[in-house]
Amino acid sequence: MTTEFYKLPADLAQDIDTYGSEVGRFSSGEMPPGVFKAKRVPRGVYEQRQDGAYMVRVRVAGGTLTPEQGETLADIGSAFGSHQLHITTRQDVQIHDVKIEHTPEIMRRLLSVGLTSKGGGGNTVRNVAACPYAGICPAEEFDVTPFAHAVTEFLIPLVGSSNLPRKYKISFSGCGLDCALARVNDLGFIAKAKDGKPGFLVYAGGGLGAHSRPGDLIEEWVPATDVVRIAEAIRRLFDQLGDRKNRQRARLRFVFERMGMPAFRNALHGVIRELETEGIQDCAVSVPDIRSPAGASLIRRETDSASGVRFLEQRQAGHVALPLHLPLGFISAEDFRKISRISREFSQENGFRTTRSQNLIIRFVAKDDLAALASKLKGLKCDVVKPAALESFVACAGAATCRLGLCLARDAARACAEALDRSSITPAVLASLDVNISGCPNACGQHHVASIGLFGAAQRTAGRLVPSYRVLLGARCDTPTARLAELAGSVPARALPQLLLDLAQDFEKDRLAGEWFSSYFERCGMEHFKAIIERHATVPSYDERPAFYRDWGSDDDFSLAGRGGGECGAGVFEVIADDIAGAKRALHSAQSSSESADMFEALLPAARALLITRGVDSQNATDIIQAFEKHFIDTGLVPSEFRGLISRARGYLEGWREALEGQADDIGRLLAEVEALFGTLDANLNFHRAESAASNETSASAPVREKPAAVAELDLRGVTCPMNFVKVKLKLESMETDDLLAVVLDDGEPVQNVPASLRSEGQEVVDTVDLNNGHWRITVRKKK
């Protein structure tokens, strides 16, 4: 088998050299962090939660790796990383705890064996996924792997693939069981032969995240030769129609919601016709083995009587596939190197694959070689073939390394798996569960498509934050119409192991032969499971069970202080919404008494709600009042007219018991102001205020703050970096604080670099508008 599944861009070595220069400029302080972030993230380099530590995400198209590629990844992990590798739910390989100065050399070593991290992150075409059983499953129509490689080869070199409104995810499945989740990707292909010709059903507009959506069937059948044209046409449409201003609604699925499927499909056909006139060629993939799988059995899991090893029966007689289970996707670099060499020795396809379940699989093993292969695997540090409950779990990094994470998802998974292993639950029942855990609502753990899905959240109990998980049930992705899991309840993180144990025992008690949990859910119905979840929803007091206020794997009380913004920030948003709702309830109760104590109970959560966006998470009332004044009144985010109310609150805390009597109206106005400000909060935890909600509710004589018009304009079309940034700085120096400057910039590096540099110097970029002519207009408010 060739060691090159697809060709990488011809200019990739030059691009790596350019990136190396950018790393040097960043390290010397010449390039601002915001500018450098825009350079590294599309190349798959992410900053971890620990300062100075980075992660490199390597794309593995179709999940296919040669032994040479596997050995190189292991060498990189040993030389530059944490001596561990991590398999992701998108079949990528991640290298953690990397120093930024080592990333150019890592990219060069990857390139030497036909791998790249380009497109591993950012607003790019991400790794093209494929079913790990492609080519061996009895139920498949044909092997879809070459098509994943062809799309990768075409899209990666395009400049436009690295500057999309948001990420663009593509997936290929070989049959309707949809092991690669084509129905919940931005673009998904499901193999379907017609009249002896290979082709695909095409789904688009799907995706997982805080606003998940199954894709629409936009083509009931297309010939396989059209695959590349369709992928490129949708990329172009996404580039044109995606929302570049609102990151939270920038994915392709929101384009579908705005346009509707019929309009999008018509636009798609128009772009495809343009591509045909441009000479975009057919996808030249040979499909030698078109099957008629109707009535074929699914790929079966068997156990070898001689070695005790579990394997999968391939459709090729005499050959089997061996799944290797990695604990939550982790494997030591040494073991990864050994597996690469084992695959060279035993796999007739000379390699192995990564899977969506964060595992590995060695395929095309002669059945007679199983005992010898099992003996080799005993030399690994990790037992990759022994059954364990942790096999049923998928978990993202969560708060351990991810800057978006709320909860420690992997620690929760380990705690749940240990509880199941200690129980008497049979291996057959455990194997019929799939539990996916995400540390936040962003769905990196794919919680929407598991039979039991969990995502990290935070709830406030008696003024303290409690790490919690939302529980979702009922997903089915193996049917023509995908069904995402639905919310069934919420439990504190510390209650998860017992909840999972109760669910498994309930399943075991009434399970039919061969039944999966997803089918059992359909038999019993949501209300049955809501009752089980509700039994675990209670949060004891801090004095009674302080551990409930600490996450799994942590000895510290749970806090979101200092949590940065991200692509969703939804966990922070939930806590704010809870505080605002609590303030409303308290104010409603206080209005009947007008006593200071009751008024203060309404004022405190109103003042506390937004502090989390400024890194403040305190239980102390005095600290909350002081921080609110500092971060919101002193900065002008909240009108200064509320300073008197805050002074009364401070007086109440200092012993003036009547300070807040009769202040219900003012507290209500402050609460409205906080809620209106919350409505302007973006995913990076920045506020965008045009005018005061409180002023809108006052009398006609009260002053209303209006958004000032821009007082200056600067046309920098044709002016390149860094001179464009210098010209903006000089112009701002001649302006007054809070004046606005409208600047026209070229697309590409100017619009990527100038706003980031301005933010890093303390200026406020209040608006960015695509002029749709190769230019952008940004509006800057002078702050310094």
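A brief look at the structure comes next. (Residues numbered from 1 in each chain as written. Predicted model: local features only at pLDDT ≥ 70, side-chain atom pairs only at ≥ 80, totals over all residues. Heavy atoms only, no water.)

### Focus: the pairing of strand β9 (residues 199-204)
When you tally the buried positions in β9, you get 6 out of 6 residues, the bulk of the element. Because side chains alternate across β9, one face comprises the buried residues Gly 199, Leu 201 and Tyr 203, and the other comprises Phe 200, Val 202 and Ala 204, equally buried. In terms of strand pairing, strand β8 (residues 187-191) meets β9 through 5 bridges, oriented antiparallel. Residue pairing across strands places Phe 189 opposite Val 202, the latter belonging to β9. Where β9 meets strand β10 (residues 216-223), 5 bridges bridge the pair, whose relative direction is antiparallel. Residue pairing in the sheet places Ala 204 in a bridge with Asp 216 of β10. (Buried < 20%, exposed > 50% of the residue type's maximum accessible area, 1.4 Å probe, protein only. Helix = DSSP H or I, 4+ residues; strand = E, 2+ residues; numbered from the N terminus. Pairing = 2+ DSSP bridges.)

### Focus: a nonpolar patch on the surface
Together, Met 723, Val 726 and Leu 730 make up an exposed nonpolar region whose accessible area comes to about 270 Å². Topologically, Leu 730 is positioned in helix α22 (residues 723-733). (Patch = residues over 30% accessible without salt bridge, like charges linked within 9 Å, V, L, I, M, F, W, Y side chains within 5 Å. Areas by Shrake-Rupley, 256 points an atom, 1.4 Å probe, with all protein chains shown as cover. Salt bridge = Lys/Arg side-chain N within 4 Å of Asp/Glu carboxyl O.)

### Points about the nonpolar core
Buried together is how nonpolar side chains tend to be arranged in soluble globular proteins. Formed by 102 residues in total, the largest nonpolar core has its most connected members in Phe 393 and Phe 628. Setting aside chain neighbours within four positions, we find Phe 393 in contact with Leu 328, Ala 413, Cys 416, Ala 417, Leu 420, Val 435 and Ile 437. Counting residues in each nonpolar core, the second largest holds 56 residues, with Ile 16, Tyr 54, Phe 346 and Leu 373 among its members. (Core = buried A, V, L, I, M, F, W, Y, C linked by side-chain atoms within 4.5 Å. Contact = heavy atoms within 4.5 Å.)

### Re the sheet that holds β8
Within a beta sheet, neighbouring strands are joined by backbone hydrogen bonds and run either parallel or antiparallel to one another. Here we have 5 strands laid out as an open sheet, ordered β6-β7-β8-β9-β10, and mixed in their pairing. The open sheet has two free edges, formed respectively by β6 (129-130) and β10, since each of these has just one partner strand. Relative to β8, strand β7 (residues 170-173) is paired through 4 bridges, and the arrangement is parallel. Within β8, the position partnered with Ile 170 by the bridge is Leu 187. Across the sheet, helix α5 (residues 145-155) lies against β6, β7 and β9, angled at about 160 degrees from β7, the strand it touches most. Strands β7, β8, β9 and β10 of the sheet are contacted by helix α6 (residues 227-241), whose axis makes an angle of about 160 degrees with β8. (Axes fitted to C-alpha atoms, helices over the stretch in contact; angles between N-to-C directions.)

### Quick notes on the pattern of salt bridges
Enumeration over the complete set of coordinates arrives at 52 salt bridges. Of the charged contacts in the structure, one is a salt bridge between Arg 213 and Asp 216, with a shortest N-O distance of 2.8 Å. Like Asp 216, Arg 213 is buried. Through salt bridges with shared partners, a single ionic network connects Asp 15, Glu 22, Lys 39, Arg 43 and Glu 749.

### Some points on the packing of aromatic side chains
Enumeration according to the criterion identifies 21 aromatic pairs in this entry. With a centroid separation of 5.2 Å and 80 degrees between ring planes, the pair formed by Phe 147 and Phe 200 is classed as edge-to-face. Taken as a pair, Phe 147 in helix α5 and Phe 200 in strand β9 lie far apart in primary sequence, 53 residues in all. Summarising the burial analysis for this pair, Phe 147 and Phe 200 share the class buried. When the ring of Phe 172 is compared with that of Phe 200, the centres are 5.7 Å apart and the planes differ by 75 degrees; the resulting orientation is edge-to-face. Here Phe 200 lies in strand β9 and Phe 172 lies in strand β7, a separation of 28 residues in the sequence. Judged on exposure class, the residue Phe 172 and its partner Phe 200 are both buried. Taken together, the aromatic side chains of Phe 142, Phe 147, Phe 172, Phe 189 and Phe 200 make up a single cluster linked through ring pairs. When the ring centre of Tyr 652 is taken as reference, the NZ or CZ atom of Arg 657 above it lies at 4.3 Å. (Phe/Tyr/Trp six-rings, centres within 6.5 Å; stacked < 30°, edge-to-face > 60°. Lys NZ or Arg CZ within 6 Å of the ring centre and 35° of its normal.)

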